[in-house]
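In case you want the letters, here they are:
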Amino acid sequence: MSKVKNTLKLKENDLILVEWDDAAGMSRWTGKEEAAAQSLAHCESVGRLLKFDKVALRMAATSSERGSVNDTSTIPSKSVRRILKLRVVSEWKPKGSKK
């Protein structure tokens, strides 16, 4: 796992995709060899950046125009493999939408 460098100039509320490693486990009887060979779970999460520092990346999958957030994740910085800053390239609006 490589060290994370904030070369993206990430800001609070940026829309990001985070690739990260998580712990993995098995809840069944298995052989020692299979258990010893188990790897980390490679994960992807998308959301709005809340905070990113040496300890953790904090993000929210859902945010409101009132400033509230939901579905938050705190990912240890050492587990982060890559961060992509996302941007909107097209938009869909229902007919009659004013926003």
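See the structure shown above.
Residues numbered from 1 in each chain as written. Predicted model: local features only at pLDDT ≥ 70, side-chain atom pairs only at ≥ 80, totals over all residues. Heavy atoms only, no water.

Chemist: Help me understand the sheet that holds strand β3 (residues 56-63) in this model?
Modeler: Note on sheets: strands pair through backbone hydrogen bonds, and any given pair is parallel or antiparallel. Ordered by their spatial adjacency, five strands build an open sheet running β4-β3-β2-β1-β5, and the pairing between neighbours is antiparallel. Each edge of the open sheet carries a strand with a single partner, namely β4 (69-76) and β5 (80-85). For this sheet, the mean angle separating the axes of adjacent strands, direction not counted, is 40°. In terms of strand pairing, strand β1 (residues 15-22) meets β5 through five bridges, oriented antiparallel. Within the sheet, the bridge partner assigned to isoleucine 16 lies in β5 and is lysine 85. (Pairing = 2+ DSSP bridges. Helix = DSSP H or I, 4+ residues; strand = E, 2+ residues; numbered from the N terminus. Axes fitted to C-alpha atoms, helices over the stretch in contact; angles between N-to-C directions.)

Chemist: Can you help me understand the pairing of β4 in this one?
Modeler: Regular strands place side chains that alternate from one sheet face to the opposite one. Sheet topology places β3 next to β4; seven bridges connect them, and they run antiparallel. Bridge assignment links leucine 57 to a residue of β4, and that residue is isoleucine 75. Hairpin connection of β3 to β4: five residues between the antiparallel strands, including glycine 67 at a positive phi of 95°.

Chemist: Sorry, what's going on with the nonpolar core here?
Modeler: As a rule of thumb, soluble globular proteins bury nonpolar side chains together. Grouped together as the largest cluster of nonpolar side chains are twelve residues: Leu10, Ile16, Val18, Trp20, Cys43, Leu49, Phe52, Leu57, Met59, Ile75, Val80 and Ile83. Of all the secondary structure elements, the ones that give two or more residues to this core are β1, β2 (41-52), β3 and β5. Not counting residues within four places of it along the chain, the set of residues in contact with isoleucine 16 comprises Leu10, Ser45, Val46, Gly47, Leu49, Leu57, Met59, Ile83, Leu84, Lys85 and Leu86. (Core = buried A, V, L, I, M, F, W, Y, C linked by side-chain atoms within 4.5 Å. Buried < 20%, exposed > 50% of the residue type's maximum accessible area, 1.4 Å probe, protein only. Contact = heavy atoms within 4.5 Å.)

Chemist: I would appreciate a short explanation of the pattern of salt bridges in the present structure.
Modeler: A pair can form between side chains of opposite charge whenever their charged atoms are brought close. According to the stated counting rule, one finds six salt bridges in the structure shown. A salt bridge links glutamate 19 to arginine 82; its shortest N-O distance comes to 3.0 Å. Taken as a pair, glutamate 19 in strand β1 and arginine 82 in strand β5 lie far apart in primary sequence, 63 residues in all. Using a relative accessible area of 12% as the deciding quantity, one classes glutamate 19 as buried. Where glutamate 34 meets arginine 28, a salt bridge forms, and the shortest distance between an N and an O atom there is 2.8 Å. Its relative accessible area of 47% is what places arginine 28 among the partly exposed residues. Shared partners join several salt bridges into a network, and the residues in it are Lys51, Asp53 and Arg58. (Salt bridge = Lys/Arg side-chain N within 4 Å of Asp/Glu carboxyl O.)

Chemist: Got a minute to help me understand a nonpolar patch on the surface in this structure?
Modeler: On the surface, Val46, Leu84 and Leu86 cluster together to form a nonpolar patch covering roughly 200 Å² of accessible area. For leucine 84, a relative accessible area of 31% translates into the label partly exposed. (Patch = residues over 30% accessible without salt bridge, like charges linked within 9 Å, V, L, I, M, F, W, Y side chains within 5 Å. Areas by Shrake-Rupley, 256 points an atom, 1.4 Å probe, with all protein chains shown as cover.)

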